[in-house]
Amino acid sequence: MDEKMDHISSLPETILHDILSRLPKKDAIKTSVLSKTWREILYTFPILSICNRESIRRSSKRKKDQQIKTFLDYGKQRLLRFSDPGLAIKEFKLKLSLTCYDLQLIYPDVDQWLKLASECDLQTLKLCLPTLKEDDPCLCYILHPGVIEARSLNKLVLKGRIRFDKEFLNPSFKFSSLCVLSLSYVLFDDEGAIEHVISHCPLIEHITLKWCYVHNPQGAGDMRISFMKSVSMHGLQNLKGVDIQGVQKVYIDAPNIEKIYYGAGSYEPSKMNFDSCGNLRALTLMNMKIEFLFTYIWFLHLSSKFPFLESLELDECSMYENINISSSQLKALMLSNCSTMHKLEIDTPNLSSFRYYYAGDDLPSISFISCSNQLEVNVRLNMTHPRLYQLGKFVEQFKPQKLLTSLSLSIHPCIPSDESFYDDQYRYWEDPYSLPPTLPVPSIKHLVILSVREDKSKYSLLVNRLFYGWCPETISLSLNPSYCTEAFIEFFYWWLLETKKPKGKFCSYCYSKSKCWLHGLKDVKVTSSVKNDVNVVDFVHLKSLLCGLSSSDNANISFSLK
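Because the structure is a prediction, the values reported are computed rather than measured. (Residues numbered from 1 in each chain as written. Predicted model: local features only at pLDDT ≥ 70, side-chain atom pairs only at ≥ 80, totals over all residues. Heavy atoms only, no water.)

Visitor: Quick question: what am I supposed to make of the overall build of the protein chain here?
Guide: Counting its regular elements, the protein chain contains 13 helices and 29 strands. Buried residues in the protein chain amount to 47% of all 562 residues. Taking contacts inside the protein chain between residues at least 6 apart in sequence as the whole, the part at least 24 apart equals 59%. Entry remark: accessible area of the protein chain is about 28200 Å², with carbon and sulfur atoms responsible for 51%. (Helix = DSSP H or I, 4+ residues; strand = E, 2+ residues; numbered from the N terminus. Buried < 20%, exposed > 50% of the residue type's maximum accessible area, 1.4 Å probe, protein only. Contact = heavy atoms within 4.5 Å. Areas by Shrake-Rupley, 256 points an atom, 1.4 Å probe, with all protein chains shown as cover.)

Shown next, in the form of structure tokens:
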């Protein structure tokens, strides 16, 4: 770079730091070769990240010990460059992925690093250690209150084998400026410790608790740990959002909270009470047995209980057989793998997004009593091949049908034990000439086939089942070889090209005097989402696409039908 023309380097240090903060880490490091100014700017960049992954590798003990010593010296020098001249550190991230033995050896150095950082007006601290397990005998890093009790600290993120000991129960302990607290897989000495910590965060706005542990003494000299059983949050006037996972019992009394995400543990029924959170805007419940928590009336009275609720997501929740969700303010509703539900009625005049994902066998009937003209419906189903017959019934019962404009499918073969599923009333699928005239005719504008893992010998039968009576405007297939096999994509490509050829009065897909949708097919336009690719003109082009893609690609091929 010509220093005479380098006007950027003469900008104030704060602006240069802002430029670095907007670059990927690797690109930010490369700026050090531009000039001496940029090298100094990188050294004083207030977002500091230290990770041992690249500096310590598997080797002989002697060589590894030297690598650890070099890494520790490097970390100390980086922090002293801020501490000695009194420079501020806005964010300090320390990520260690060492063995249990090596971690215990460097815990004193971690103490020293955090102490140096806390003396530099530290605002954000992120400490990530290897994940703790229930049967893990390894000692944890004991988080000392004096290390991180910086008045400037407003965000604390801790993950892994980190322990809050009894020092945190000291009445004088307080995170006076902390706004964001995130704890994952950390260890507390007892159940009450976390509540004590939270209650001493007067300005807290966001709390994350994911799969935290507590000590369970089982006898002299024998200590065990288990997942936290309960947590209670109350009196937190500034609390805006919580993300809690793996805690069996949760009580939240926060008048201004707007967002709750709760993922229950699957080992036993969970209990959650947040009825006093009347200002709630977004609620996500995961892996819960709804019938043990809420009555049928709870869904009917969403508007009165939570008058500002705009987003509701239920994931892996077992439901009542008949559910009626009523809310005048709800704008987004998502149900994912909610089992045991047979009928769902939705009375939401302002709903703009409805997503329904299911991987089970028995599909429910879904109807909208009232809805917005702007409503977008996205249905994604994971089905076995023999049960595709249910799609027609599902779509027929979807009211009003015009709302269901997009349907995504993942199709899998049945297991041998499921072969008995082919009873007499479904054997007509084997012979297209015997199709009954009373089959429902679904109206789907966009059909997306996410994956097909069926045997080649059943491709023809699968397509027959899937498209008889269907009139989609577009059909999309994933080009990812992990989802749709190359053989199926080629089969489907040729099948559509053959169907658009002129036919006689009837074809093998017609029944009696009724003509199938293939008779009305005039043209097929084939395109792909592969970059710099416009049209799949011929089979050779398709083959080249399939050969050039890997399991990490997210490309698809689309058929527009006229």
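Anyway, onward from the coordinates.
Visitor: Help me out: how do you make sense of the sheet that holds strand 14 (residues 249–253) in this one?
Guide: Within a sheet, adjacent strands bond to each other through the backbone by hydrogen bonds, running parallel or antiparallel. Ordered in space as 12-14-16, the three strands form an open sheet in which the pairing is parallel. Of all strands in the sheet, those bounded by a partner on one side alone are strand 12 (230–234) and strand 16 (271–273). Neighbouring strand axes in the sheet, compared pairwise and without regard to direction, differ in orientation by 0 degrees on average. (Pairing = 2+ DSSP bridges. Axes fitted to C-alpha atoms, helices over the stretch in contact; angles between N-to-C directions.)

Visitor: Would you take a moment to explain the side chain of S326 for this structure?
Guide: As for its placement among the helices and strands, S326 is situated in strand 19 (residues 322–326). Apart from the residues within four sequence positions on either side, S326 is in contact with F299, L300, L302, S303 and D347.

Visitor: What exactly am I supposed to notice about the environment of P108 here?
Guide: Note on placement: P108 falls in helix 5 (residues 100–118). Overall, the relative accessible area of 53% leaves P108 in the exposed class. Put simply, P108 and Y141 are 33 residues apart on the chain and 9.3 Å apart in space, counted from C-alpha to C-alpha.

Visitor: So what exactly am I meant to see when it comes to the pairing of strand 7 (residues 180–184) here?
Guide: Successive residues of a regular strand alternate their side chains across the two faces of the sheet. Counting buried positions along strand 7 gives four out of five residues, so the element sits mostly inside the fold. Note: strand 5 (residues 155–159) against strand 7, five bridges, orientation parallel. Among the inter-strand pairings, V157 is bridged to a residue of strand 7, identified as S182. In this structure, strand 7 lies alongside strand 9 (residues 206–210), joined through five bridges in parallel fashion. Within strand 9, the position partnered with L183 by the bridge is L209.

Visitor: Help me out: how do you make sense of the sheet that holds strand 23 (residues 365–370) in this one?
Guide: As summarised here, the arrangement of the three strands in space is 19-21-23, forming an open sheet in which the pairing is parallel. The open sheet has two edge strands, strand 19 and strand 23, and neither has a second partner. Pairwise comparison of adjacent strand axes, ignoring direction, gives a mean angle of 15 degrees for this sheet. Inspection of the sheet shows strand 21 (residues 343–347) paired to strand 23 by five bridges, in the parallel sense. Each residue of the ladder has a partner; that of D347, found in strand 23, is S370.

Visitor: Before we go on, may I ask you to explain the pattern of salt bridges in this structure?
Guide: Charged atoms that come close allow side chains of opposite charge to pair. Under the definition given, this model contains eight salt bridges. Residues K69 and D73 are paired through a salt bridge, measuring 3.2 Å at the closest nitrogen-oxygen approach. One end of the pair is K69 and the other is D73, both in helix 4 (residues 61–83) and four residues apart, which spans about a single turn. Overall, D73 belongs to the partly exposed group, its relative accessible area being 38%. For K115, the salt bridge is made with E119, and the minimal N-O distance between the two is 2.7 Å. On the accessibility criterion, K115 (47% relative accessible area) is partly exposed. (Salt bridge = Lys/Arg side-chain N within 4 Å of Asp/Glu carboxyl O.)

As far as function goes, none of this settles anything; it's purely spatial.
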